[in-house]
Amino acid sequence: MLLTSGRKLRLFQDSDPYKQWCTLDETRFCARRKHLFLGRDVRVLEDERGKIHFRCLTFCCEGGFADWQCPQFHL
Ligand SMILES: [Zn+2]
């Protein structure tokens, strides 16, 4: 799914029930596989019913918004 940065950021803001996103350059910590990443690296997938899914860029990580924490607790 191809997205401009502005549209991707807006999708994050609309879809993330846990955190606020100000920019796609924000860092998050994925609790599932213990890694850091940037918002812009998140994969945005659309399924056949048009539902949007957000996944870690990291191979095989099924992390989503519920797993992504603000990294200051881990530095
Ligand atoms: Zn992850």
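Note that the structure is a prediction, hence the values are computed from the model and not measured. (Residues numbered from 1 in each chain as written. Predicted model: local features only at pLDDT ≥ 70, side-chain atom pairs only at ≥ 80, totals over all residues.)

**What to know about the environment of R10**
Part 1: If you trace the backbone, R10 turns up in helix α1 (residues 5–15).
Part 2: Taking the C-alpha atoms as reference, R10 lies 9.8 Å from L24; in sequence the two are 14 residues apart. (Helix = DSSP H or I, 4+ residues; strand = E, 2+ residues; numbered from the N terminus.)

**A short note on the confidence of the model for the chain**
Part 1: Model confidence for the chain is summarised by a mean pLDDT of 91, while 95% of its residues fall at 70 or above.
Part 2: Confidence, expressed as mean pLDDT per element, reaches its minimum in the chain at strand β3 (residues 43–46) with 92 and its maximum at α1 with 96. (pLDDT = per-residue confidence, 0-100.)

**Some details on the environment of V42**
Part 1: Considering the arrangement of structural elements, one finds V42 in the loop between β2 (35–38) and β3.
Part 2: Linking V42 and F65, residues 23 residues apart in sequence, is a C-alpha distance of 10 Å.

**Focus on the sheet that holds β2**
Part 1: If you trace the three strands from one edge of the open sheet to the other, you get β2-β1-β5, paired in antiparallel fashion. Looking at which strands have only one partner, the edges of the open sheet turn out to be β2 and β5 (68–69). (Pairing = 2+ DSSP bridges.)

**Thoughts on unusual backbone geometry**
Part 1: One non-glycine residue, K34, lies in positive phi territory at about 55°.
Part 2: Within the fold, K34 resides in the loop between β1 (27–30) and β2.
Part 3: Accessibility expressed as a C-beta count within 10 Å gives 9 for K34, which makes it exposed. (Buried ≥ 20, exposed ≤ 12 C-beta atoms within 10 Å, placed from the backbone.)

**Some thoughts on the pairing of strand β4 (residues 52–55)**
In summary, the side chains of a regular strand alternate between the two faces of the sheet.
Part 1: Sheet topology note: the β3/β4 ladder contains four bridges and is antiparallel. In the sheet register, V44 faces β4, and the bridge partner there is F54.
Part 2: The turn linking β3 back onto β4 is made up of five residues, and G50 within it adopts a positive phi angle of 85°.

**Some details on the pairing of β1**
Part 1: Side chains R28 and C30 of β1 all project onto a buried face; the interleaved residues T27 and F29 project onto a face where none is buried.
Part 2: The pairing of β1 with β2 spans four bridges and is classified as antiparallel. The residue bridging T27 from the neighbouring strand is L38, located in β2.
Part 3: As consecutive antiparallel partners, β1 and β2 are separated by four residues, and within that stretch K34 has a phi angle of approximately 55°, a positive value.
Part 4: Two elements, β1 and β5, share two bridges in a ladder whose sense is antiparallel. What sits directly across from F29, in β5, is Q69.

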